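# Descriptive structure summary
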Amino acid sequence: MYRAPVSEIAFTLKHVTGFGEALAAGLFPALSEDLVDAVLTEAGRFASDVMAPLNRVGDREGVRLANDAVTTATGWSKVYEGWCAGGWNGISAPESAGGQGLPLILSAATQEMWNAACMSFTLCPLLTMGAVEAIERHGSEDLKAFYLPRLVSGRWTATMNLTEPQSGSDLSTLTTRAERHGDGTYRVFGQKIFITYGEHDLSENIVHLVLARIPDAPAGSRGISLFLVPKIIPDAGGGLGARNDLFCASLEKKLGIHGAPTCTMIYGDGRYGAQPGAVAWLIGEEHRGLACMFTMMNNARLMIGVQGVGLAERALQQATAYAAERRQGRAPGASGEGSSVIADHPDIRRTLMTMRALTEASRAISLSCALAADLGRAEGYAGQSRQKARAELLTPIAKAFSTDVAVEVASLGVQVHGGMGFIEETGAAQTLRDSRIAPIYEGTNGIQAIDLVTRKLPLGEGSVVAEYIDELKAIAERARAENRPDFGRMGTRLEAALEDLQAAGEHLLALVKGGGTAEALAGATPYLRLFGLASGGAYLAKAALASCGETSADATLRIATARFFAERLLPETAALRCVVIEGAEAVLGVDAAHIPAVT
């Protein structure tokens with residue numbers, strides 16, 4: 001059973017990300033360290049005791065569609081009521097709409113616990129939180145006044161409708177259309193697929209944010225608009241009125257996240273309403289919907305990275321508990337008679353430490369990104385623009401590196417369980433199945449790598465990345481100067497990794513500036529992995545440095561984890577540097593037409 005690692009999350013917040021210094025400097029005047037601890041503690045309790053039991057139930061029962069209505073698994077509605085009553089839906093939402101107005105970094109910290117406890121459940125409020133931000137930033141005053149309080153309270157939930165059968169990541173090809181109705185509203189017609197929580201029984205209404213094209217719109221992505229389309233149209237008094245002309249036509253059968261309904265949504269076919277067309281309201285301006293939707297997507301991308309951290313943490317806990325009980329063979333140097341627990345075998349220790357190191361590095365990267373996003377919005381803060389650029393830089397790394405880590409760690413977790421890991425009984429297989437979607441949705445990890453190389457690396461002519469690497473180098477220098485036996489080669493290995501990161505980045509930046517985009521993109525994914533390893537290693541070294549004055553078991557483990565990461569995982573950066581700088585021809589030299597297809 002999952003137990004939220006509240007103390008480790010709190011340590012990362014306060015001593016690794018810089019949140020502790022920001023609190024001390026008064027950048028979050030409404031917060032105190034005691035309040036932060038209280039929020040994390042209560043969130044951990046709710047995640048561990050209330051949400052975690054849903055995980056296996058949702059996986060086994062799944063969801064059911066009948067008469068255009070979706071029923072979630074046993075107990076989900078009751079837990080959702082508790083979620084709303086606890087105010088968790090509005091943790092970072094504006095106070096003016098009934099939210100708590102807490103910083104994004106605290107929301108991210110709690111999101112890790114929610115996702116580790118039950119990823120399928122958490123997807124519903126995750127999307128609602130993203131919609132709240134999109135409406136708050138781009139909606140009209142009337143839309144904000146009416147919809148935000150209902151979404152923030154959790155009475156209503158929200159979805160994001162982008163994908164169509166012919167239009168996945170390339171939104172320029174979408175065909176869903178919206179027609180002006182003459183009274184300020186629109187009518188939406190079309191089909192959307194892969195809509196998470198497009199229909200369910202947790203809330204009284206569902207608000208769909210739908211990308212569609214107005215008939216006279218420009219071609220391509222510049223002609224896309226964003227619309228708010230409620231399942232039930234509010235009446236004049238603000239209550240629930242008539243059913244809108246939309247419905248869930250089918251549910252996808254998926255590898256994982258069985259507890260979350262993934263819907264095919266049909267808009268405007270005349271099934272409901274006096275005449276065909278789903279009643280909709282424009283968000284933002286016509287033809288500028290993609291910018292509005294990206295507000296929601298950028299929030300979601302960071303939170304999917306946090307989701308990866310939670311899944312990795314769950315896999316780590318499952319594997320660690322199993323390895324402490326399962327007996328097999330005799331470990332080297334074992335005393336007494338009988339079999340040893342497998343945790344005593346060197347290769348299992350290596351596996352568990354790999355899982356731990358990758359999980360904690362991902363946590364530090366994701367929470368650091370969240371803090372940068374908070375400071376990038378802090379009016380009057382001298383470093384606002386610098387932190388905004390930092391958040392832009394770290395978002396694709398937080399999303400892609402952390403979700404890749406989730407799959408890697410979950411797979412290692414199955415391996416630790418051996419044959420029992422391949423059996424559904426232990427739950428290790430579910431964690432691996434659930435984790436596999438995270439590198440795919442909200443922009444595939446390949447797209448995140450493209451974004452990193454073509455948009456984020458060139459920020460400030462490369463100065464944003466250079467400044468960030470300089471900060472990480474200062475951590476490496478401190479680690480090397482510490483000269484403690486338990487640090488091993490931490491400092492020198494980290495310095496070498498950061499040199500690899502800098503050299504690879506300079507090579508790619510020169511290619512992008514010189515028109516060698518194809519060559520740069522051939523190295524984009526290994527560069528993102530290199531970036532995640534080097535920055536993650538630096539954050540773990542920072543955690544180790546902050547633990548030097550402690551004698552607790554937690555402090556000892558943090559130092560050991562940072563050393564393991566540096567000495568066992570960071571050497572990979574040298575190979576990645578080589579791949580980035582020298583490997584483009586091996587990719588581009590093969591014509592796709594010559595790759596044999598199976599017929």
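Here goes a summary of the coordinates provided. What you are looking at is a predicted structure, and each value in this text was computed from that prediction instead of being measured.

Here the focus is the overall build of the protein. Counting its secondary structure elements, the protein contains 19 helices and 12 strands. In terms of overall dimensions, the protein is globule-like: its C-alpha atoms have a radius of gyration of 24 Å, near the 25 Å expected for 599 residues. The dimensions of the protein, computed from C-alpha atoms along their principal axes, are 80 × 65 × 60 Å. The burial tally for the protein puts 57% of its 599 residues in the buried class. Long-range pairs, those at least 24 residues apart, make up 74% of the contacts in the protein between residues at least 6 apart in sequence. Per element, the accessible surface of the protein, about 23,900 Å² overall, is 52% carbon and sulfur. A distance of 3 Å separates the average location of the 54 positive side-chain charges in the protein from that of its 66 negative side-chain charges.

We now examine empty space enclosed by the protein. Over the atoms a probe the size of a water molecule is rolled, and this reveals where empty space is left. Under the definition given, this model contains 3 cavities of 30 Å³ or more. Space inside the largest cavity adds up to approximately 60 Å³. If you trace the largest cavity, you find it lined by Glu8, Phe11, Thr12, Val16, Glu360, Ala364, Tyr539, Leu540, Ala543 and Arg558. Only helix 1 (6-15), helix 9 (346-375) and helix 16 (524-546) provide two or more residues apiece to the lining of the largest cavity. When its residues are assigned to classes, the lining of the largest cavity shows 6 nonpolar, 1 polar and 3 charged. A volume near 40 Å³ is recorded for the second largest cavity. For the second largest cavity, the full set of lining residues is Leu54, Asn55, Gly58, Asp59, Trp76, Cys118, Ser120, Ile257, His258, Gly259, Gln430 and Asp434. Contributions of two or more residues to the lining of the second largest cavity are made by helix 4 (54-61), helix 6 (104-138) and helix 11 (428-435). Ranked by the residues each element gives to the lining of the second largest cavity, the list is headed by helix 4, at 4 residues. Residue composition of the lining of the second largest cavity, by class: 4 nonpolar, 6 polar and 2 charged.

With that settled, consider the pattern of salt bridges. Close approach of charged atoms allows side chains of opposite charge to pair. Considering all chains together, one arrives at 36 salt bridges under this definition. With a shortest N-O distance of 3.2 Å, Arg180 and Asp216 are connected by a salt bridge. Of this pair, Arg180 sits in strand 4 (residues 177-180) while Asp216 sits in the loop between strand 6 (205-213) and strand 7 (224-230), and the two are 36 residues apart along the sequence. Each of Arg386, Arg390, Glu467 and Glu471 takes part in one network of salt bridges that share partners.

Right, let's talk about the environment of Gly198 for a bit. Note that Gly198 resides in the loop between strand 5 (186-196) and strand 6. Given the relative accessible area of 0%, Gly198 is considered buried. Between the alpha carbons of Gly198 and Val16 there is a distance of 38 Å; along the sequence they are 182 residues apart.

Turning next to the nonpolar core. In terms of nonpolar packing, the biggest core is built from 140 residues, with Leu13, Trp83 and Tyr527 touching the most fellow members. The contacts of Trp83, once residues within four sequence positions are left out, are Phe46, Met51, Trp88, Asn89, Trp114, Phe121, Pro125 and Met129. Within the second largest apolar cluster, 30 residues are counted, among which are Leu127, Ala134, Leu143 and Trp156.

On to the layout of surface pockets, then. Volume-wise, the second largest pocket comes out at about 650 Å³. If you trace the second largest pocket, you find 26 residues lining it, with Ser92, Gly101, Leu102, Asp374 and Arg377 closest to the centre. Of all the secondary structure elements, the ones that give two or more residues to the lining of the second largest pocket are helix 6 and helix 8 (289-325). If one sorts the elements of the lining of the second largest pocket by residue count, helix 6 sits on top with 8 residues. Of the residues assigned to the lining of the second largest pocket, the class counts are 13 nonpolar, 6 polar and 7 charged.

Judged from the 4 bridges that link them, strand 4 and strand 5 form a sheet pairing that is antiparallel. By the bridge assignment for strand 5, Arg177 is matched with Phe189. The hairpin turn running from strand 4 into strand 5, its antiparallel successor, is 5 residues long, and Gly182 in that turn takes a positive phi close to 95°.

Of all 8 residues in helix 11, 7 are buried; the element is thus mostly enclosed. Among the residues of helix 11, Ala428, Ala429, Gln430, Thr431, Arg433, Asp434 and Ser435 are the ones counted as buried.

Moving on, we get to unusual backbone geometry. With phi around 70°, His287 is a residue other than glycine that occupies positive phi space. In this fold, His287 is placed in the loop between strand 12 (278-283) and helix 8. Even without glycine at this site, Glu461 takes up a positive phi of about 60°. Looking at the secondary structure, you find Glu461 in the loop between helix 12 (445-456) and helix 13 (463-482). On the basis of relative accessibility, which here comes to 60%, the residue Glu461 falls in the exposed class.

Before going further, it helps to examine helix 18 (residues 572-582). Among all positions in helix 18, only Thr573, Leu576 and Val580 are buried. The buried residues of helix 18 occupy an angular sector of 60° when projected down its axis, which confines them to one face. Packing partners of the buried residues in helix 18 comprise helix 14 (490-513) and helix 16.

On to the packing of helix 10 (residues 384-417) against helix 12, then. Interhelical geometry of helix 10 versus helix 12 gives an angle of 155° and a closest axis separation of 9 Å. Comparing their axes, helix 12 and helix 10 come out roughly antiparallel. Handedness of the helix 10/helix 12 crossing: left-handed. Here Glu392, Leu393, Pro396, Ile397, Lys399, Ala400, Thr403 and Asp404 of helix 10 lie close against helix 12, whose contacting residues are Asn445, Gln448, Asp451, Leu452 and Lys456.

On to the side chain of Glu442, then. When you line up the elements, Glu442 lands in the loop between helix 11 and helix 12. The side chain of Glu442 is buried and forms no salt bridge, while Arg301, the nearest opposite charge, is found at 5.6 Å. Those residues in contact with Glu442, other than ones at most four positions away along the chain, are Leu127, Met160, Met297, Ala300, Arg301, Ile304, Lys399 and Gln448.

About the thresholds
- Residues numbered from 1 in each chain as written.
- Predicted model: local features only at pLDDT ≥ 70, side-chain atom pairs only at ≥ 80, totals over all residues.
- Heavy atoms only, no water.
- Helix = DSSP H or I, 4+ residues; strand = E, 2+ residues; numbered from the N terminus.
- Rg over C-alpha atoms; globule rule 2.2 N^0.38 Å.
- Buried < 20%, exposed > 50% of the residue type's maximum accessible area, 1.4 Å probe, protein only.
- Contact = heavy atoms within 4.5 Å.
- Areas by Shrake-Rupley, 256 points an atom, 1.4 Å probe, with all protein chains shown as cover.
- Lys, Arg positive; Asp, Glu negative; His and termini not counted.
- Charge placed at Lys NZ, Arg CZ, Asp CG, Glu CD.
- 1 Å grid on protein atoms, 1.4 Å probe; cavity = no way out; pocket = protein on both sides within 12 Å on 5 of 7 lines; lining within 4 Å.
- Points joined across faces, edges and corners; volume = space filled by probe spheres on them.
- Nonpolar A, V, L, I, M, F, W, Y, C, P; charged D, E, K, R; others polar.
- Salt bridge = Lys/Arg side-chain N within 4 Å of Asp/Glu carboxyl O.
- Core = buried A, V, L, I, M, F, W, Y, C linked by side-chain atoms within 4.5 Å.
- Pairing = 2+ DSSP bridges.
- Arc of directions from axis to C-beta.
- Axes fitted to C-alpha atoms, helices over the stretch in contact; angles between N-to-C directions.
- Parallel < 35°, antiparallel > 145°, perpendicular 65-115°, else oblique.
- Left-handed = near helix turned anticlockwise from the far one by under 90°.

None of the figures reported here should be taken as evidence of function without further support.
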